Amino acid sequence: MRKVTIFGATGSIGQSTIDLIRRSPGTYDVVALTGGRNIARLAEDAIALKADLAVTAHEELLQPLREALQGSGVEAAAGQGALLEAATRPADWIMSAIVGAAGLAPGLKALEQGTTLALANKESLVCAGKLLLATAKQHGARLLPVDSEHSAVFQGLVGEDMDAVERIIITASGGAFRDWPIGDLPNATLAQASSHPNWDMGQRITIDSASMFNKALEVIETREYFQVEPDQIEVLVHPESMVHALVGFRDGALMAHLGAPDMRHAIGYALHWPERRDLPVARLDLTQVGQLNFRTPDAARYPALHQAYAVMERGGLMGAAFNAAKERALDHFISGHIRFTDMAEVTAKVLDRIEAQSGLIDSAMTLDNVSKIDHLSRQAADVAVAEDKR
Ligand code: NDP
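Thoughts on the site of the ligand
Phase 1: Residues in contact with the ligand amount to 24 residues; listed here are only the nearest, Thr10, Ser12, Arg37, Glu123 and Asp147.
Phase 2: Take Ser12: an N or O atom from its main chain is 2.9 Å from an oxygen atom of the ligand.
Phase 3: Residue Val99 places a main-chain N or O atom 3.4 Å away from an oxygen atom belonging to the ligand.
Phase 4: Sorting the residues of the shell around the ligand by element identifies α1 (12-22) and α6 (122-138) as the ones contributing at least two each.

In structure tokens:
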């Protein structure tokens, strides 16, 4: 039996991972499931999968979790310390699917046990790519990409030499507002931004798709994971979301990865890697699809994308500042404090402010320094929002 742990088990990626595990009874021994506020789902899955341990990130929810698990034999734990402890429990495969920078510390701890970490939590790579890769190398651990674009690139590179790679193209659906008049974007509501034309995902990443902050993070993720230069990374708007990424080689060949928009493909690829196994995803019928469209992202519609390239050019800990500013700006949009288009203005202001604090961005990439930048950037985002309201 293969020992597996799922961080962020109650979320969209976590639930798709559980779906795949459930389809192969007797194959997986579930060590730990972690969640946040959705105690009912966490307990129900932990019991059904006979997990050893269920952890909620929130200490105040320990008692409700204990009650929900009563008599099941599943151990209950809560809080940051418990999340980190879960990451030390031996497992052959660990899914990192907590949303946001909160996924970084458990991911690093998991790598320290030399396991395979399936990384959906792109924010870890954006905030601390070098640290993550160095930790994996030091402990003989393996990082497998789960983002559909990065899984597609990874698959396109099997058997290839990175020196032969000229460029990497990742696609973007364009999100909920790709065809809206730009002048209407400031008035986009939370409900409108939370509805994705092609993918069924968690609310935060869905809104980030509409603003292209998600693609901005993915561009940085591409640089960190595949160690390519910023000018080797391109983004194309592809409304059908069927071509997930393309790898361009020095001889002019373009290798494209196509598949139905279903995250169980990328998750399943990481779960079964290096083998390919049957997966319950729809098969594409290209005669039905008929036409695939591609266009250059409109810079005025998607300012976040330009910011990602500036962040990569600046380097250091700028990725952590960008991610934290983005997370906080998104919190403020969700709470109704700012408009949809204000999010990119907030991140731009934060990047300027953090850059102005001399030396900070160039400090060593340690978990402590990343946390410090994260904290300061969230504060700077709050200040930017408050100033805007005056
Ligand atoms: P969801 O919001 O659906 O789920 C997030 C998970 O993280 C839930 O289990 C949630 O718990 C938990 N969580 C939230 N906050 C914290 C915290 N502070 N500490 C610990 N756990 C926490 O997100 P998604 O599944 O959509 O995304 C997960 C990750 O995967 C993100 O990094 C995202 O960018 C990435 N990703 C997602 C894709 C998708 O299709 N959804 C595609 C590619 C990448 P609870 O809900 O119980 O509060």
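So, next bit.
Regarding helix α2 (residues 39-48)
Phase 1: Every buried residue of α2 is listed here: Ile39, Leu42, Ala43, Asp45 and Ala46.
Phase 2: Taken together, the buried residues of α2 touch α1, β2 (28-35), β3 (53-56) and α3 (62-69).
Phase 3: Two residues or fewer after α2 comes Lys50, characterised by a positive phi angle close to 55°.

Focus: the packing of helix α7 (residues 148-156) against helix α10 (residues 213-226)
Phase 1: Two numbers describe how α7 lies on α10: the axes approach to 10 Å, and their chain directions differ by 30°. By the angle between their axes, α7 is roughly parallel relative to α10. The handedness of the crossing between α7 and α10 comes out as right-handed. Side by side, α7 and α10 meet where Glu149, His150, Val153 and Phe154 of the first sit next to Lys215, Glu218, Glu221, Thr222, Tyr225 and Phe226 of the second.
Phase 2: Residues belonging to the contact of α7 with α10 are distributed by class as follows: four nonpolar, two polar and four charged.

Overview of the side chain of Ser377
Phase 1: Within the element layout of this structure, Ser377 appears in helix α16 (residues 367-389).
Phase 2: Assessed through its relative accessible area of 0%, Ser377 is described here as buried.
Phase 3: A polar atom in the side chain of Ser377 sits 2.7 Å from the backbone oxygen of Ile373.
Phase 4: Residues in contact with Ser377, not counting those within four places in the same chain, are Ala321, Ala324, Ala325, Val350 and Ile354.

Topic: unusual backbone geometry
Phase 1: Of note, the amide linkage connecting Trp273 to Pro274 takes the cis form, showing an omega dihedral of 5°.
Phase 2: With respect to the element layout, Pro274 can be found in the loop between α11 (263-272) and α12 (286-289).
Phase 3: The backbone of Lys50 sits at a positive phi, close to 55°, despite the residue not being glycine.
Phase 4: With respect to the element layout, Lys50 can be found in the loop between α2 and β3.
Phase 5: What makes Lys50 exposed here is its relative accessible area of 67%.
Phase 6: At Ser241, a residue that is not glycine, the phi angle is positive and equals roughly 50°.
Phase 7: Checked against the element boundaries, Ser241 lands in the loop between β9 (233-237) and β10 (243-249).
Phase 8: The exposure class assigned to Ser241 is buried, which follows from its relative accessible area of 4%.

Some thoughts on the environment of Gly319
Phase 1: Counting through the fold element by element, Gly319 comes out in helix α14 (residues 318-334).
Phase 2: Overall, Gly319 belongs to the buried group, its relative accessible area being 6%.
Phase 3: For the pair Gly319 and Ser124, spaced 195 residues apart in sequence, the C-alpha separation works out to 9.7 Å.
Phase 4: Excluding residues that lie within four positions of it along the chain, Gly319 makes contacts with Val126, Cys127 and Val311.

Quick notes on the pattern of salt bridges
Phase 1: Inspection of every chain in the model, using the stated rule, returns 29 salt bridges.
Phase 2: The shortest N-O distance in the salt bridge between Glu44 and Arg41 comes to 3.9 Å. One end of the pair, Glu44, and the other, Arg41, are both in helix α2, three residues apart, so they sit about a helical turn from each other.
Phase 3: Accessibility expressed as a relative area gives 28% for Arg41, which makes it partly exposed.
Phase 4: Linking Asp208 and Lys326 is a salt bridge whose minimum nitrogen-to-oxygen distance equals 2.5 Å. Separated by 118 residues along the polypeptide, Asp208 in helix α9 (residues 203-211) and Lys326 in helix α14 bring together distant segments of the chain.

The rules behind each value
Numbers given for residues are sequential positions, taken from 1 along each chain in its written order. Only residues with pLDDT of 70 or above have their local features reported here, since the model is predicted, and side-chain atom pairs are shown and tallied only from 80 upward, although totals for entire chains, interfaces and linings are computed over all residues. Excluding hydrogens and water, the side-chain figures rest on all heavy atoms present in the structure. The rule for a residue being near a molecule or strand is that one of its heavy atoms must lie within 4 Å of it. Think of a polar contact as two N or O atoms within 3.5 Å of one another; within protein, one of them needs to be a possible hydrogen donor and the other a possible acceptor, and neighboring residues in sequence only count if both atoms come from side chains. A run of H or I in DSSP counts as a helix once it spans at least four residues, and a run of E counts as a strand once it spans at least two, with each numbered from the N terminus. For the exposure calls, accessible area comes from a 1.4 Å probe over protein chains only, and a residue counts as buried if that area is under 20% of its type's maximum, exposed if over 50%, partly exposed in between. We call two residues in contact when some of their heavy atoms are within 4.5 Å. Comment: axis = line fitted to C-alpha atoms, over the contacting stretch for helices; angle = value between 0 and 180 degrees taken between N-to-C directions. Geometric relationships in this document are graded by angle, where less than 35 degrees denotes roughly parallel, more than 145 denotes roughly antiparallel, 65 to 115 denotes roughly perpendicular, and other angles denote oblique. Here is the rule for handedness: rotate from the far helix to the near one, and if that takes an anticlockwise turn smaller than a right angle the crossing is left-handed, while a clockwise turn gives right-handed. Basically, the charged four are Asp, Glu, Lys and Arg, the nonpolar ten are Ala, Val, Leu, Ile, Met, Phe, Trp, Tyr, Cys and Pro, and anything else, Gly included, counts as polar. Salt bridges are defined by distance alone: a side-chain nitrogen of Lys or Arg within 4 Å of a carboxyl oxygen of Asp or Glu.

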